[in-house]
Amino acid sequence: MSIYTSKQQEIAQQIDHQEVSLSNWKDWRWQLKNSIRRVETFEQLLGLSFEAEERAAIDETLEKFPLAITPYYLSLIDTDDFRNDPVFRQSFPDPAELVVSCHDMSDPLHEDRDSPVAGITHRYPDRVLFHVSNVCSMYCRHCTRKRKVGDVDYVPGKTSMQAGIDYIRRTPVIRDVLLSGGDPLMLEDEQLDWLLTELDAIDHVQVVRIGTRMPVVLPYRITDKLVAMLKKHQPLWINTHFNHPREMTTSAKMALRMLADAGIPLGNQSVLLAGVNDCPRIIKSLVHKLVANRVRPYYLYQCDMAEGLSHFRTPVGKGIEIMESLIGHTSGFSVPTYVIDAPGGGGKIPLTPNYLISLSTNKVVLRNYEGVITTYQEPESYKAYFCRRDCDSCELQLNLKDAEEFRSTGIETLLSDFDPAIALTPENNQRMERRHHD
Ligand SMILES: *Cc1c(COP(=O)(O)O)cnc(C)c1O
């Protein structure tokens, strides 16, 4: 099995103007140092050239959203048909990025607003997003944090991370910390080791997750030394970001194998991107490759309404169509959850085709993936009991030590017996305002 293709050797030789050994190519620092940041280098290495007019439009785009591609990721571009190439489209600037529609937002997820201290987004009750790096080895053109890409003034050190760690330490409801960025694996092993050790020392932090695209764009970052260090910090989960089956190369597979062999559970978050993977067959092939390499498809994201991404957005119907082609048709663990990250900070909202057709008190009518309409008979003997959250007198055994939470929120409240709420009504509801005047 060759993991150093002739095309990769050619690219490496042009970069170093000499014979470059496999060990150089596989050195992640060499890859970063030689990351492609200029259009000329791109043209030269792939033997392409853009017409003057297009070139001017590309240059204008780069002024707002810079370019960075690792030589490894560049080597995956099929030069014969590069304009349709999924790797090219994810990594090379498109003048359409400058088109800002009236619906686009610079921070659609309100990550900066839901931030109690620098670097932390605390949106959900029990977990936080911790931005520990503002840099990436490759700048994805579809980045939802595009507004920050290429900011040079934020190079996080221990002091800037300390504020985040302190917040997590003094906030006992946080049981899950998601390291994000940028790419957290841009940190040096020692710095990451220090950060993970700090988090391990916080009792209420039960799990740490790392979101990284390194296995996709720079698999050589997954070194024996890194894996040995990560292994010390279990339970640690890693979520990566494959978008197209073509990204699953021999080098990527090796990186995934090293992580999985270290006992790290692996997940994948894909983004549904027009012109890249908006096809049921492509997504099916992708999820199959992922599970074959011990990666569980976790989320399929609807593309955010961030500025500069409109050309990547698909209708939601495309995502539902893809889900329809997966559910039931393939292994349950190959099916990701399709989500929209709600603009304004509402968090991730799962979307799925409808399988519930109707119901009475006795029967439920359902349809399956084949279109078969079927029924489920409701139980005749179920004793519906009135729950007052008086767990001490309940026959169901619940060890209260781990379940002290009492407040219910949202739809859960409507379903509960112990809360008198019969409806959730938004604030500023005009009908309600009129009522007060009666
Ligand atoms: C996605 C996200 C999380 C993690 O969500 P999960 O559904 O638990 O994976 C946490 N915080 C923020 C701000 C997020 O965007």
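Our subject is the structure that appears above.
About the criteria used
- Residues numbered from 1 in each chain as written.
- Predicted model: local features only at pLDDT ≥ 70, side-chain atom pairs only at ≥ 80, totals over all residues.
- Heavy atoms only, no water.
- Buried < 20%, exposed > 50% of the residue type's maximum accessible area, 1.4 Å probe, protein only.
- Helix = DSSP H or I, 4+ residues; strand = E, 2+ residues; numbered from the N terminus.
- Arc of directions from axis to C-beta.
- Contact = heavy atoms within 4.5 Å.
- Phe/Tyr/Trp six-rings, centres within 6.5 Å; stacked < 30°, edge-to-face > 60°.
- Pairing = 2+ DSSP bridges.
- Right-handed = clockwise from strand over helix to strand, strands pointing away.
- Axes fitted to C-alpha atoms, helices over the stretch in contact; angles between N-to-C directions.
- 1 Å grid on protein atoms, 1.4 Å probe; cavity = no way out; pocket = protein on both sides within 12 Å on 5 of 7 lines; lining within 4 Å.
- Points joined across faces, edges and corners; volume = space filled by probe spheres on them.
- Nonpolar A, V, L, I, M, F, W, Y, C, P; charged D, E, K, R; others polar.
- Near = heavy atom within 4 Å.
- Polar contact = N/O pair within 3.5 Å; in protein donor to acceptor, adjacent residues only side chain to side chain.
- Sits in = over half its atoms within 2 Å of the grid points.
- Salt bridge = Lys/Arg side-chain N within 4 Å of Asp/Glu carboxyl O.

Caption draft 1: Molecular detail of helix α14 (residues 316-326). Those residues of α14 lying buried are G319, I322, M323, S325 and L326. Buried residues along α14 cover an arc of 160 degrees about the axis, so they all sit on one side. On its buried side, α14 packs onto α13 (280-292), β7 (295-301) and β8 (337-342). Immediately downstream of α14, the backbone of G328 shows phi near 85 degrees, a positive value.

Caption draft 2: Molecular detail of the packing of aromatic side chains. Within the structure shown, the criterion is met by 12 aromatic pairs. Where Y4 meets W25, the ring centres are 5.8 Å apart and the plane angle is 40 degrees; that geometry is what we call tilted. One end of the pair, Y4, is in the segment before α1 (6-16); the other, W25, is in helix α2 (residues 22-25), with 21 residues separating them in the sequence. A relative accessible area of 0% places W25 in the buried class.

Caption draft 3: Spotlight on the pairing of β7. Burial of β7 is extensive: five of the seven residues sit out of reach of the surface. Sheet topology note: the strand β6 (residues 266-271)/β7 ladder contains six bridges and is parallel. Looking at β7, one finds that Q269 is bridged to Y299. Since β6 and β7 lie parallel, the crossover through α13 that links them has a hand, and here it is right-handed. Sheet analysis places β7 next to β8, joined by three bridges and oriented parallel. Within β8, the position partnered with Y301 by the bridge is V339.

Caption draft 4: Quick peek at the sheet that holds strand β11 (residues 363-367). The sheet built from three strands is open, its strands ordered β10-β11-β12 with antiparallel pairing. One side of each edge strand has no neighbouring strand; the edge strands of this open sheet are β10 (356-359) and β12 (373-377). Put simply, the sheet's adjacent strands are angled 25 degrees from each other on average, direction ignored. With five bridges connecting them, β11 and β12 associate as antiparallel partners. Bridging from a neighbouring strand, K363 pairs with Q377 of β12.

Caption draft 5: Fine view of the layout of surface pockets. What the largest pocket holds in volume is close to 1100 Å³. Lining the largest pocket are 49 residues, with T144, R145, S180, Q269 and Y301 sitting closest to its centre. Among the elements of the structure, β1 (120-124), β2 (127-131), β3 (176-180), β4 (207-211), β5 (236-240), β6 and β7 are those that each provide at least two residues to the lining of the largest pocket. Grouping the amino acids of the lining of the largest pocket by side-chain chemistry returns 21 nonpolar, 16 polar and 12 charged.

Caption draft 6: Focus on the site of the ligand. In the vicinity of the ligand, the contacting residues are T121, R123, Y124, R127, L129, L178, R209, Y298, Y299, D341 and K348. Within the contact set of the ligand, an oxygen atom lies 2.8 Å away from a side-chain nitrogen or oxygen of R209. Within the side chain of Y299, one N or O atom sits 2.5 Å away from an oxygen atom of the ligand. Of all the cavities here, the one that holds the ligand is the largest pocket. Elements with a contribution of two residues or more to the shell around the ligand: β1, β2 and β7.

Caption draft 7: Layout of the environment of D107. Tracing the backbone through its elements, the reader meets D107 in the loop between α7 (86-91) and β1. Looking at D107, the relative accessible area reads 14%, which means it is buried. When the C-alpha positions of D107 and Q206 are compared, they lie 29 Å apart, and in sequence the two are 99 residues distant.

Caption draft 8: The pattern of salt bridges, seen in detail. Within this structure, the stated rule accounts for 25 salt bridges. The residue E97 makes a salt bridge to K146 at a minimum N-O spacing of 3.1 Å. Here K146 lies in the loop between β2 and α8 (158-169) and E97 lies in the loop between α7 and β1, a separation of 49 residues in the sequence. Since its relative accessible area comes to 0%, E97 is described here as buried.

Caption draft 9: View of the pairing of β4. The buried count for β4 comes to four of five residues, which makes it a mostly enclosed element. Looking at chain direction, β3 and β4 are connected through four bridges and run parallel. Bridge assignment links V177 to a residue of β4, and that residue is V208. Handedness of the crossover is the feature at issue here: the chain leaves β3, passes through helix α9 (residues 189-200), returns alongside β4, and the resulting connection is right-handed. Relative to β5, β4 runs parallel, the two sharing four bridges. Looking at β5, one finds that V208 is bridged to L236.

Caption draft 10: Region of interest: empty space enclosed by the protein. Inspection of every chain in the model, using the stated rule, returns two cavities of 30 Å³ or more. Taken as a whole, the largest cavity spans an internal volume of roughly 50 Å³. The greatest single-element share of the lining of the largest cavity, amounting to four residues, is contributed by β7. Among the residues making up the lining of the largest cavity, the classes are represented as eight nonpolar, two polar and no charged. Looking at the second largest cavity, its volume works out to about 40 Å³. Lining the second largest cavity we find F65, P66, Y139, C140, R141, K146 and V149. Class assignment of the residues belonging to the lining of the second largest cavity gives a composition of five nonpolar, no polar and two charged.

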